[in-house]
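Residue-level structure breakdown
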Amino acid sequence: MSKAKLLRDLLESKEVIMAPCAYDAISAKSIEAAGFRLIGTTGFGMHGAMLGTPDNGLLAFNEMADACSKMVDAVNIPIMADAEGGYGNAINTYRTVQTFEKVGLAGLFIEDQKLPPNCPFFKSTQMISTEEMCGKVKAATDARKDSDFVIVARTEAHGKEAVERCNEYIKAGADMVKIIPMSRSELEWYPSRVNGPLHLGFSPGKGINDGMTAWDAGKLGYKIITFPMTAMFASVKSIIKVLRELKIKGTDDSILDDLFTFDEYFKLIEADRYREMDKKYFLKD
């Protein structure tokens with residue numbers, strides 16, 4: 001069964017789908033190892049991991065496609081990618097979908113920001129017209145070869161405009177829509193007014209979803225709940241913490257409890273699989 005079909009089956013199930021977001025192959029493997037059935041990607045995290053910058057549109061299309069390809073190869077569960085603004089106009093979006101599907105992703109979302117896109121928590125955003133975005137959505141749906149490949153349309157609008165845009169994007173062919181609530185009241189207001197499945201990204205510590213679980217969001221009407229910053233923020237905090245202690249003490253003996261063991265790490269990266277390949281393919285001296 002293709003990974004796109006696995007994702008489509010999840011969407012058609014009754015369960016609320018949680019999808020922490022990966023920014024490289026090892027974070028993707030970690031999400032899978034933790035027992036999740038879907039992985040998101042995060043432009044926010046990938047900009048940080050690959051360039052050390054904010055999510056400000058500096059990563060190019062080919063860089064994103066290459067990074068996503070490596071994530072896909074590392075895991076057995078579906079991945080839904082952040083495809084920014086489609087990396088150009090509707091024709092660019094057509095190629096983006098073809099390429100992202102070709103590398104093995106199960107779906108993607110495109111957004112209605114003017115290029116270059118950026119994280120709305122970094123700076124304010126500007127949008128293209130509803131008509132232009134609908135053209136991108138139509139191009140995206142025409143470009144996919146597998147009808148199970150999931151197309152999500154994200155809007156930067158808020159309130160009534162967000163609802164109107166999302167409903168137009170669904171009419172244009174999007175399988176799902178995504179809104180970025182900037183308050184709890186917005187988050188709770190949207191589901192009953194949007195005529196299709198909703199994707200929601202949790203934002204830690206922003207007061208928007210504080211105290212809320214993915215299942216709470218599901219009861220409101222959201223289907224996929226992603227966690228774009230969780231893995232990235234956790235890893236950066238952990239790395240700085242242990243490195244500061246290492247700098248002070250000159251040894252990692254005191255931080256072993258904060259580290260994976262060799263055996264734990266080798267299990268995560270499937271070292272035994274490569275040992276077996278050594279035995280199968282390499283001649284003995």
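Residues numbered from 1 in each chain as written. Predicted model: local features only at pLDDT ≥ 70, side-chain atom pairs only at ≥ 80, totals over all residues. Heavy atoms only, no water.

Here's the deal with the sheet that holds strand E2 (residues 39-41)
Paired through their backbone hydrogen bonds, the strands of a sheet run either parallel or antiparallel. Around the barrel, eight strands lie side by side as E1-E2-E3-E4-E5-E6-E7-E8; this closed barrel has parallel pairing. This sheet shows a mean twist of 25° between the axes of neighbouring strands, independent of strand direction. Pairing of strand E7 (residues 198-201) with strand E8 (residues 222-227), which is carried by four bridges, proceeds in the parallel orientation. Across the sheet, leucine 200 pairs through a bridge with isoleucine 225, a residue of E8. Seen against the sheet, helix H4 (residues 61-74) touches strand E1 (17-22), E2 and strand E3 (79-82) and runs at an angle of roughly 165° to E3. (Pairing = 2+ DSSP bridges. Helix = DSSP H or I, 4+ residues; strand = E, 2+ residues; numbered from the N terminus. Axes fitted to C-alpha atoms, helices over the stretch in contact; angles between N-to-C directions. Contact = heavy atoms within 4.5 Å.)

With respect to the environment of methionine 212
Its location among the elements puts methionine 212 in the loop between E7 and helix H9 (214-220). Take methionine 212: its relative accessible area is 13%, and that puts it in the buried class. C-alpha separation for the pair methionine 212 and arginine 184, spaced 28 residues apart in sequence, amounts to 9.8 Å. Here methionine 212 is in contact with Arg184, Leu187, Phe202, Ala217 and Leu220, once residues within four sequence places are set aside. (Buried < 20%, exposed > 50% of the residue type's maximum accessible area, 1.4 Å probe, protein only.)

Comments concerning the pairing of E3
Taking every second residue as pointing to the same face, both faces of E3 are buried, with Ile79 and Ala81 on one and Met80 and Asp82 on the other. Examined bridge by bridge, E2 and E3 share two bridges and lie parallel to one another. Residue pairing in the sheet places glycine 40 in a bridge with methionine 80 of E3. Between the parallel pair E3 and strand E4 (residues 107-111), the chain is carried across by helix H5 (residues 90-102), and the sense of this crossover is right-handed. (Right-handed = clockwise from strand over helix to strand, strands pointing away.)

Some points on the packing of helix H3 (residues 43-51) against H4
With their axes 12 Å apart at the nearest point, H3 and H4 run at an angle of 100° to one another. The orientation of H3 with respect to H4, classified from their angle, is roughly perpendicular. On H4, the residues that touch Gly43, Met46, His47 and Met50 of H3 are Glu63, Met64, Ala67, Cys68 and Met71. The class makeup of the residues in the contact of H3 with H4 is six nonpolar, two polar and one charged. (Parallel < 35°, antiparallel > 145°, perpendicular 65-115°, else oblique. Nonpolar A, V, L, I, M, F, W, Y, C, P; charged D, E, K, R; others polar.)

Structural notes on the pattern of salt bridges
Oppositely charged side chains are able to pair whenever their charged atoms sit close together. Within the structure shown, the criterion is met by 16 salt bridges. Note that arginine 37 is salt-bridged to glutamate 15, the shortest N-O span being 2.6 Å. Taken together, the positions of arginine 37 in the loop between helix H2 (25-33) and E2 and glutamate 15 in the loop between helix H1 (3-12) and E1 put the pair 22 residues apart, joining distant regions of the chain. Look at arginine 37 and you get partly exposed, because its relative accessible area is 48%. Taking relative accessible area as the criterion, glutamate 15 reaches 33% and is therefore assigned partly exposed. Sharing partners across several salt bridges, the network here consists of Arg8, Arg144, Asp148 and Asp175. (Salt bridge = Lys/Arg side-chain N within 4 Å of Asp/Glu carboxyl O.)

Re the nonpolar core
By size, the foremost hydrophobic cluster in this structure holds 60 residues, and its most contacted members are Phe100, Leu105 and Leu108. For this core, the element with the most residues is H4, which contributes eight residues. Not counting the four nearest positions on each side in its chain, leucine 108 is found in contact with Met80, Ala81, Ala83, Val97, Phe100, Phe149, Val150, Ile151 and Val152. In terms of nonpolar packing, the next biggest core, distinct from the first, is built from 13 residues, Ile17, Ala106, Val152 and Met176 among them. (Core = buried A, V, L, I, M, F, W, Y, C linked by side-chain atoms within 4.5 Å.)

Considering the pairing of E8
Taking burial as the measure, the six residues of E8 include six buried ones, the bulk of the element. With H9 bridging E7 and the parallel E8, this β-α-β connection has right-handed handedness.

Thoughts on the packing of aromatic side chains
Both the distance between ring centres and the angle between the ring planes are used here to describe each pair of aromatic rings. Counted by the stated rule, this structure contains seven aromatic pairs. Taking the centre distance of 6.4 Å and the plane angle of 50° together, the rings of tyrosine 87 and phenylalanine 100 count as tilted. Here the residue tyrosine 87 occupies a position in the loop between E3 and H5, and phenylalanine 100 occupies one in helix H5, the gap between them amounting to 13 residues. An aromatic cluster is defined as three or more aromatic residues linked by ring pairs; in this entry it consists of Phe61, Tyr87 and Phe100. The ring of phenylalanine 266 is capped by arginine 275, whose NZ or CZ atom sits 5.4 Å from the centre of that ring. (Phe/Tyr/Trp six-rings, centres within 6.5 Å; stacked < 30°, edge-to-face > 60°. Lys NZ or Arg CZ within 6 Å of the ring centre and 35° of its normal.)

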